[in-house]
Amino acid sequence: MERYDPEAIERKWQQVWEREGAFAVPNPAPGLAREDEKKTYVLEMLPYPSGELHMGHVLNYTLGDVVAHLRRRSGYRVLRPMGYDAFGLPAENAAIREGRHPRAVTEENIAAIRTQAQRMGWSIDWDREVSTHEPGYYRWTQWLFLKFYEAGLAYRKEAPVNWCPNDQTVLANEQVIDGRCERCGAEVEAKNLEQWFFRITAYADRLLEEMELLESWPERVLTMQRNWIGRSEGAEVIFHIEELDIDLPVFTTRPDTLFGATFFVLAPEHPLVPQLVAGTPHEEEVLTYARHAAAQPTIERADPEKEKSGVFTGRFVTNPVNDHRLPIWVSDYVLMEYGTGTIMAVPAHDERDFAFAQRYELPVQIVVVPADGEPPEDEAFAGHSADERLVESAQFSGMSSPEAKKAIVEWLERRGKGRPAVGYRLRDWLLSRQRYWGCPIPILYCDSCGLVPVPESDLPVLLPDVQEYLPKGRSPLAAAEDWVRTTCPSCGGEARRETDTMDTFVDSSWYFIRYCDPRNDSAPFDRAIADYWLPVNQYIGGIEHAILHLMYARFFTKVMNDLGIVGVREPFARLFNQGMLYYRGAKMSKSKGNVIVPDGYVKRYGADTVRLYTLFMGPAEQDKEWQDSGVEGMSRFLGRLWRLGLEAAAQDGNGGEATGPLAAAAHRAIAKVTDDIERRFQFNTPISAVMELVNDIYVAKNDPEQAGNVRFATETAVSLIQPCAPHIAEELWERLGHERLWATPWPQADPAMLERDTFELVVQVNGRVRGRVEVPVDLPEDELVARAKDLPRVRSYLNGREVRKTVVVPGRLVNLVV
Ligand SMILES: [Zn+2]
Ligand SMILES: [Zn+2]
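The structure displayed is predicted, hence computed values, not measured ones.

(A) Region of interest: empty space enclosed by the protein. In this structure the tally under the stated criterion is three cavities of 30 Å³ or more. The computed volume of the largest cavity comes to approximately 130 Å³. For the largest cavity, the lining is made up of 18 residues, of which G88, L89, R433, D503 and T504 are closest to its centre. If you list the elements that add at least two residues to the lining of the largest cavity, you get α3 (89-98), β25 (501-502) and α14 (504-507). By residue number, the principal contributor to the lining of the largest cavity is α3, which donates three residues. Split by residue class, the lining of the largest cavity holds seven nonpolar, five polar and six charged.

(B) Inspection of unusual backbone geometry at higher detail. Residue L459 is joined to P460 through a cis peptide bond whose omega torsion reads 0 degrees. Relative to the assigned elements, P460 resides in the loop between β22 (450-453) and α13 (481-484). Across the junction of L534 and P535, the peptide omega takes the value -5 degrees, indicating a cis bond. A positive phi is found at F681, a non-glycine position, where the angle reads about 50 degrees. Structurally, F681 can be placed in the loop between α21 (660-678) and α22 (684-700). Since its relative accessible area comes to 8%, F681 is described here as buried. Unusually for a residue other than glycine, N799 sits at a positive phi of about 50 degrees. Along the chain, N799 turns up in the loop between α27 (792-798) and β33 (805-809).

(C) The pattern of salt bridges, seen in detail. Evaluation of the coordinates by the stated rule reveals 52 salt bridges. The salt bridge partner of D65 is R80, with a shortest N-O separation of 2.7 Å. Remark: R80 occurs in the loop between β2 (77-79) and β3 (83-84) and D65 occurs in helix α2 (residues 55-73); sequence separation between them is 15 residues. Like D65, the residue R80 is buried in the burial classification. Between D676 and K672 there is a salt bridge, with the nearest N and O atoms lying 3.0 Å from each other. With D676 and K672 both in helix α21 and four residues apart, the pair spans about one turn of that helix. Look at K672 and you get partly exposed, because its relative accessible area is 36%. Taken together, the shared-partner salt bridges in this structure form one network comprising R206, E210, R554, K558, D562, R569 and E570.

(D) Spatial organisation of the coordination of the zinc ion (ligand 2). Donor atoms from the polypeptide that bind the zinc ion (ligand 2) are C446 (SG), C449 (SG), C488 (SG) and C491 (SG), placed at 2.2 to 2.4 Å. Taken together, the four donor atoms surrounding the zinc ion (ligand 2) define angles of 104 to 113 degrees at the centre, an arrangement classified as tetrahedral. Written as a sequence motif, the donor arrangement for the zinc ion (ligand 2) is C-x2-C-x38-C-x2-C. Note that C446 is positioned in strand β21 (residues 443-446) and C488 in the loop between β23 (485-487) and β24 (494-497), a separation of 42 residues in sequence. For the pair C446 and C488, one class covers both residues: buried.

(E) Molecular detail of the side chain of R80. Looking at R80, the relative accessible area reads 1%, which means it is buried. In this structure the side chain of R80 is engaged in a polar contact, spanning 2.7 Å, whose partner is the side chain of D65.

About the thresholds
- Residues numbered from 1 in each chain as written.
- Chains lettered and ligands numbered in written order.
- Predicted model: local features only at pLDDT ≥ 70, side-chain atom pairs only at ≥ 80, totals over all residues.
- Heavy atoms only, no water.
- 1 Å grid on protein atoms, 1.4 Å probe; cavity = no way out; pocket = protein on both sides within 12 Å on 5 of 7 lines; lining within 4 Å.
- Points joined across faces, edges and corners; volume = space filled by probe spheres on them.
- Helix = DSSP H or I, 4+ residues; strand = E, 2+ residues; numbered from the N terminus.
- Nonpolar A, V, L, I, M, F, W, Y, C, P; charged D, E, K, R; others polar.
- Buried < 20%, exposed > 50% of the residue type's maximum accessible area, 1.4 Å probe, protein only.
- Salt bridge = Lys/Arg side-chain N within 4 Å of Asp/Glu carboxyl O.
- Donors = N, O, S within 2.8 Å, 3.2 Å for Na, K, Ca; no water.
- Tetrahedral: all angles 85-135°; square planar, octahedral: opposite > 155°, others 65-115°.
- Polar contact = N/O pair within 3.5 Å; in protein donor to acceptor, adjacent residues only side chain to side chain.

Here you go:
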């Protein structure tokens, strides 16, 4: 029999798909989109071309491919594009490691990824390929930046920022994980710099509320986003520095503890610090401390276990509720990035304030106690509940905690010294990067006109091809004098270009809309076309982007919606996070040196085997360990299917209606595969279902009564495996005398066939399985026992002995005890 030759088969079909444009999906002509048309947009997060694709990517794109194939064959128009997140640190750092220009390395990697993707046989519409580093793309990233700027949503300010000393650039808060750089793991430092920000905080509430529009997102991701936004209700309270006549607003979630405030703390990087101590005896000590403290890693400063340090400024603020004068300290346990960088310290009811008070011998004043108990001996940092009441709080004493919160804020508000307020953990998105390999920010600086946006007609601001691209603390673009110097479009005088580039997360915040209309050169996309395809119906990617890409893309979509650029408010209706791959006991990662790439496996076993194994390893959402023996197993299974297919092809089709147990097994497989993929989003169990069917066919093909159904069952197995292993399926389908399985309607299970009229009776002797037999479901119990005893193998175990007891589990088993 002809040997299964995956390489030849896969090449053949990949060429056919390309020649026929099998997976290209044209946009509907303007105005011709039909309301009732079934369409779907399946998308996996786009790769960084910082290297070739590894098995984690293979899993990601194969999951999407299965969904895309199934929906195509279920009558949907399916949009399934591919592109590259080409700008930014991942690609640039890869280039620097190789000592070559980022453009050269990035473009080589893109070519390699494209080849890999085509070799895997993913059903991608290659006509829509997009790369974020191409001027045809980033022109529109710049255009969107200008729209944000016009709307007041992009602004420039000096602020303390996170500085990665290794990557020599600033990072957004979202890119700092436990005080370290998200990309390289270096400890992040604080630095004061004039930078560009997106006003994502203006969308904090909408990012929370409109989670309702998300059809199906993992709860874990929603929780992470909620925590990151960190909305809390409380009050803004205005403290006052009499000597300098300065108001110091503070956000607190505990206005009920205002009478317990005994001191006040500023973050070391708070802009007011130098002013407080200027010309005083405290100046030198405070500024030295502030400089030192601001340089400490955030993670250490935020650690509640860390011993507190601080320094007194010599100044006092007045507490608006009781006119007490509270000393102002500077301490590193207050972070500028949370709240206002100022706190009213209530040591009796806050653990960290208490530790600080102990260290510097500051007073502790209890103001909230349990309703039915004594004031605690030692300081209790209990939460505020209706069971607690206020003490030592003037007219508010005796009120419950929640009551007092309301009453105190009202009292403050009447006096113009406070108001109810909502606090957020979320900060604005810092988008400037002091790096070469990114999208230039389309802004000019003119001595006469100040900050001038580049006119739309002058876009794109091209990234110059400099040879000096290494990071050095300021953008390498600043050294490209010819590029930096330009003419002011407003006054015609001399102007200088912004030399920072954009965070690569800006590029990826709208790419999924560009795919809808990727060659448009008069707009980022046509709104009608975008509205036709959006939102992405199924998005697939890793959990690591839960609060980075996924929140930024939601923010961008909302802004574009408000500006009338796009119709949807949420970009991704459904989200699926696939699990991580492990190899040799550790998570696959470049740094651990245990990354496996598909190429060697594809060469040896074929793409279908590799696709099948990544899906079969385990439930898609769980972490899984890669095992070479598992690949072998998948290869053997495809060999079995191949032989079965060729045998069936060699026989005449019976043409008659498929009936009997084998046909029923085929219908059950159809029902299971469809439900598992569509509803349960499971990809390993459908493969098991097809394997079972193949086993059934092998058993049945020697049974003359069922031979007539072998062809139907084999064709069903081939058809069902097609989304997972499209090449072998296509080849067998052709040999079975059909055409274009990829465009053939998905098989439908006949409900009548799903009702089983027989079942497999398990027969035990003394509790051990000694035989199995297919029997009608309606057989009475005594008949079941008779059939069981009649099995030759069971007879030999019974060996004439008397059966003392018989246990029957209807529909399942008979146990004979002797
Ligand atoms: Zn870094
Ligand atoms: Zn000017």
